[in-house]
Amino acid sequence: MATASTPALEADRQKLIQLISDEAVFHGDFTLSSGKKASYYVDMRKLTLDHRAAPAIGRLVIDLIRDYDVDAVGGLTLGADPIANAVMHASAATDHPIDAFVVRKEPKDHGRGRQIEGAEVAGKRVVVVEDTSTTGQSPLKAVAALRKAGAEVVAVATIVDRKTGAQAAIEAEGLEWRAAIDLDDLGLTAQ
């Protein structure tokens with residue numbers, strides 16, 4: 001995996017790798033959201049919702065997507081929500097603030113009946129974010145909803161790439177793929 005673009009961002013990345021290794025990798029028998037079986041589980045929600053990791057996550061994702069000139073980030077609820085918020089908060093201190101949105105799994109059956117909440121996405125350049133990626137199906141569900149709403153989805157950015165096919169699935173949809181950390185960084189192997 002490539003390093004971050006500045007020494008300060010690389011320090012954030014190394015700190016996050018250490019936190020993930022120490023506190024978010026669990027060994028045992030797990031079934032992933034994709035239905036695949038694994039002997040370890042990377043529980044990124046434990047860290048995307050942690051005060052020590054969230055600021056670094058926001059800065060790292062901004063670094064991953066810096067060349068896309070996007071208006072907003074978000075993805076399928078629940079995994080993407082804290083990442084999108086971390087990006088929004090970190091970007092507020094920059095000359096290019098980035099808004100956040102949430103993609104529901106299904107449109108609401110009440111109120112305005114929206115599937116996408118937060119920033120208006122029609123006609124906007126957006127990046128879908130995710131905490132960990134196995135097959136890419138969760139971000140692709142978000143991509144489909146965003147395209148239907150008129151957004152220009154330019155990329156998918158994930159914190160941890162499990163190296164099990166997500167990148168190929170995303171690129172097959174004509175999207176760029178970015179990951180901050182992969183299994184090699186964590187001393188793990190693809191399963």
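Residues numbered from 1 in each chain as written. Predicted model: local features only at pLDDT ≥ 70, side-chain atom pairs only at ≥ 80, totals over all residues. Heavy atoms only, no water.

### A short note on helix α4 (residues 81-91)
Part 1 of the argument: Buried within α4 we find Asp-81, Pro-82, Ile-83, Ala-84, Ala-86, Val-87 and Ser-91.
Part 2 of the argument: On its buried face, α4 is in contact with α2 (45-48), α3 (54-65), β3 (72-76), β4 (99-103), β6 (125-133) and β7 (152-161). (Buried < 20%, exposed > 50% of the residue type's maximum accessible area, 1.4 Å probe, protein only. Helix = DSSP H or I, 4+ residues; strand = E, 2+ residues; numbered from the N terminus. Contact = heavy atoms within 4.5 Å.)

### Structural notes on helix α5 (residues 137-148)
Part 1 of the argument: Taking 1.5 Å as the rise per residue, α5 with twelve residues should run 16 Å; its terminal C-alpha atoms sit 17 Å apart, in good agreement.
Part 2 of the argument: Along its buried surface, α5 packs onto β3, β4, β5 (116-118), β6, β7 and α6 (166-172).
Part 3 of the argument: Directly beyond the C-terminal end of α5, a positive phi value near 95° is found at Gly-150. (Expected span 1.5 Å × (residues − 1).)

### What about the pattern of salt bridges?
Part 1 of the argument: The full count for this structure, using the stated rule, is 14 salt bridges.
Part 2 of the argument: Arg-114 is paired through a salt bridge with Glu-117; the nearest N and O atoms lie 3.7 Å apart.
Part 3 of the argument: Classification of Arg-114 as buried rests on a relative accessible area of 17%.
Part 4 of the argument: Residue classification places Glu-117 among the partly exposed positions, given a relative accessible area of 23%. (Salt bridge = Lys/Arg side-chain N within 4 Å of Asp/Glu carboxyl O.)

### Observations regarding the pairing of β6
Part 1 of the argument: For β6, the tally of buried residues reaches eight of nine residues, placing the bulk of the element in the interior.
Part 2 of the argument: Across three bridges, β3 lies against β6 in parallel orientation. In the strand pairing of β6, Val-73 is matched with Val-127.
Part 3 of the argument: Both β6 and β7 contribute to a ladder of eight bridges, which runs parallel. In the strand pairing of β7, Val-126 is matched with Val-153.
Part 4 of the argument: Once the chain exits β6 it traverses α5 before rejoining the sheet at β7, and the crossover so formed is right-handed. (Pairing = 2+ DSSP bridges. Right-handed = clockwise from strand over helix to strand, strands pointing away.)

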